Amino acid sequence: MNPVWEAITVLFSFNGLLFATIGFIIGCIGGAMVGIGGALTTALVIPFTLSMTPADAMIILIGIYSGVSYAGSIPSILINTPGAPSSAAVTIEGYAMAKR
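Residues numbered from 1 in each chain as written. Predicted model: local features only at pLDDT ≥ 70, side-chain atom pairs only at ≥ 80, totals over all residues. Heavy atoms only, no water.

> Whenever I open this one, the packing of aromatic side chains confuses me. Can you help?
Two measures describe an aromatic ring pair: the distance that separates the ring centres and the angle between the ring planes. Going through the model one piece at a time under the given rule, you end up with one aromatic pair. Each ring, one from Phe-24 and one from Tyr-70, has its centre 5.8 Å from the other, and the planes form 35 degrees; the classification is tilted. One end of the pair, Phe-24, is in helix α2 (residues 14-32); the other, Tyr-70, is in helix α4 (residues 54-71), and 46 residues separate them in sequence. Under the relative-accessibility criterion, Tyr-70 is labelled exposed at 55%. (Phe/Tyr/Trp six-rings, centres within 6.5 Å; stacked < 30°, edge-to-face > 60°. Helix = DSSP H or I, 4+ residues; strand = E, 2+ residues; numbered from the N terminus. Buried < 20%, exposed > 50% of the residue type's maximum accessible area, 1.4 Å probe, protein only.)

See below:
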């Protein structure tokens, strides 16, 4: 139970929440751009995570993954082009609903 409590403490500390928010915002920007997916967004941020602690780096990378998954549906719905491969199915019904 001690490692679980330690992980929860690190995640919900000020730095953990700050890095999760920053990662999510970066992921939303990367996911909303057509052609820039999760892999490229993560690859662009990895040099900045080298100077961080491993826990903080993992928190920011998980935040990026979550942001890309969330924001990939924005171009799918608005311009009928998936921003991320996981949002390809949204183009079928999301774009038709947005046109109405």
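Back to the write-up after that little detour.
> What is the right way to read the environment of Ile-92 from this model?
Looking at the element boundaries, Ile-92 is found in helix α6 (residues 90-99). Looking at Ile-92, the relative accessible area reads 65%, which means it is exposed.

> What's the story with the packing of helix α3 (residues 38-49) against α4 in this structure? I'm lost.
The geometry of a pair of packed helices is captured by two quantities: the angle between their axes and the separation between those axes. Two elements in contact, α3 and α4, have axes whose closest approach is 10 Å; the angle formed by their N-to-C orientations is 160 degrees. It follows that α3 is roughly antiparallel to α4 by the angle criterion. Note on packing geometry: the crossing formed by α3 with α4 is right-handed. On the side of α3, the interface is formed by Gly-38, Thr-41, Thr-42, Val-45, Ile-46 and Thr-49, while α4 contributes Ala-57, Ile-60, Leu-61, Ile-64 and Val-68. When its residues are assigned to classes, the contact of α3 with α4 shows seven nonpolar, four polar and no charged. (Axes fitted to C-alpha atoms, helices over the stretch in contact; angles between N-to-C directions. Parallel < 35°, antiparallel > 145°, perpendicular 65-115°, else oblique. Left-handed = near helix turned anticlockwise from the far one by under 90°. Contact = heavy atoms within 4.5 Å. Nonpolar A, V, L, I, M, F, W, Y, C, P; charged D, E, K, R; others polar.)

Note that every value here comes from positions in space, so none of it alone points to a role or purpose.
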